[in-house]
Amino acid sequence: MSKMAATEKNKQAAGNTGRLPPLRGAILDVDGTLLDSMPMWDQLAAKFLRSRGLQPEPDVNEKIKDMTVAAAGRYFQKQYGLQASLAEIEAGVRELVRHYYAAEAKLKPGVRDFLEFLHRRQVPLCLATVTEAALVRSALERHGVLPYFSGIITCREAGGKDQPGIFLQARELLGTPLAGTYVFEDSYYAMATAKAAGFPVVAVFDASSAVDQASIQKLADLYVRNLTETEAYLHV
């Protein structure tokens, strides 16, 4: 790597590191930040239809992405002639998701090393996620990293990430100062919420948020493509 390229790489990773406070606690997102699971969610509709012996439209995931499970079920019934009740469709989708987290979901590169790095330095960690806690536990337990976390706060109990409640509740669980409690996220809207509430934000690249990368880099205190990159910039 040339000196110029190396300098640019460091610049991209560093972000606004000149004003980063010491790390006293960390709130981490799950999907797209710790787990490489966003492709599953993006392809879930097509996967479900194939599991029922149906050939999905190329853009079916895009068509139903903003629908509730019930609305998507009605679409499957009408568009594909799916002979199943809405309850059966929901159960089928939930089983695909359950199996994925229990047996297939992988950690993103660098996650294990990063969690071990924080654990050795006795930094308390909490999860803040839109995904059901049982699914998260099954995936992280399988990878042997669940014991690193003090708790799991979900949007079901604390509200969506368009409001700061989930992050504030996680910080309360950690018992760490706001200015030293970092939020690690891959989604722009969640980062913006945490940032507005006073949390330092570390942006973790995920392909599912590629369209927002310019805005993410501008917003975040630190931007990385791999969590192990943070070790050079965080003061623990």
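Refer to the structure presented above.
Each value, and the rule that gives it
Residues numbered from 1 in each chain as written. Predicted model: local features only at pLDDT ≥ 70, side-chain atom pairs only at ≥ 80, totals over all residues. Heavy atoms only, no water. Salt bridge = Lys/Arg side-chain N within 4 Å of Asp/Glu carboxyl O. Buried < 20%, exposed > 50% of the residue type's maximum accessible area, 1.4 Å probe, protein only. Axes fitted to C-alpha atoms, helices over the stretch in contact; angles between N-to-C directions. Helix = DSSP H or I, 4+ residues; strand = E, 2+ residues; numbered from the N terminus. Parallel < 35°, antiparallel > 145°, perpendicular 65-115°, else oblique. Contact = heavy atoms within 4.5 Å. Nonpolar A, V, L, I, M, F, W, Y, C, P; charged D, E, K, R; others polar.

**Q** Report on the pattern of salt bridges, specifying residues and quantitative values.
**A** Applying the stated rule across the entire model yields eleven salt bridges. Note that lysine 63 and aspartate 59 form a salt bridge whose closest N and O atoms lie 3.8 Å from each other. For aspartate 59, a relative accessible area of 35% translates into the label partly exposed. One salt bridge connects lysine 65 with glutamate 62, and the closest N-O pair in it is separated by 3.0 Å. Judged by relative accessible area, glutamate 62 falls into the exposed class, the value being 51%. Among the charged side chains, a salt-bridge network with shared partners connects Asp29, Lys161 and Glu185.

**Q** Run through the packing of helix H3 (residues 44-51) against helix H6 (residues 86-104), naming residues and quoting values.
**A** As a packed pair, H3 and H6 sit with axes 10 Å apart at the nearest point and diverge in direction by 110 degrees. On the basis of the axis angle, H3 is roughly perpendicular to H6. Of the residues in H6, those in contact with Leu44, Lys47, Phe48 and Ser51 of H3 are Ile89, Gly92, Val93, Leu96, Val97 and Glu104. Considered class by class, the residues forming the contact of H3 with H6 number six nonpolar, two polar and two charged.

Keep in mind that these numbers describe shape and distance, not what the molecule does.
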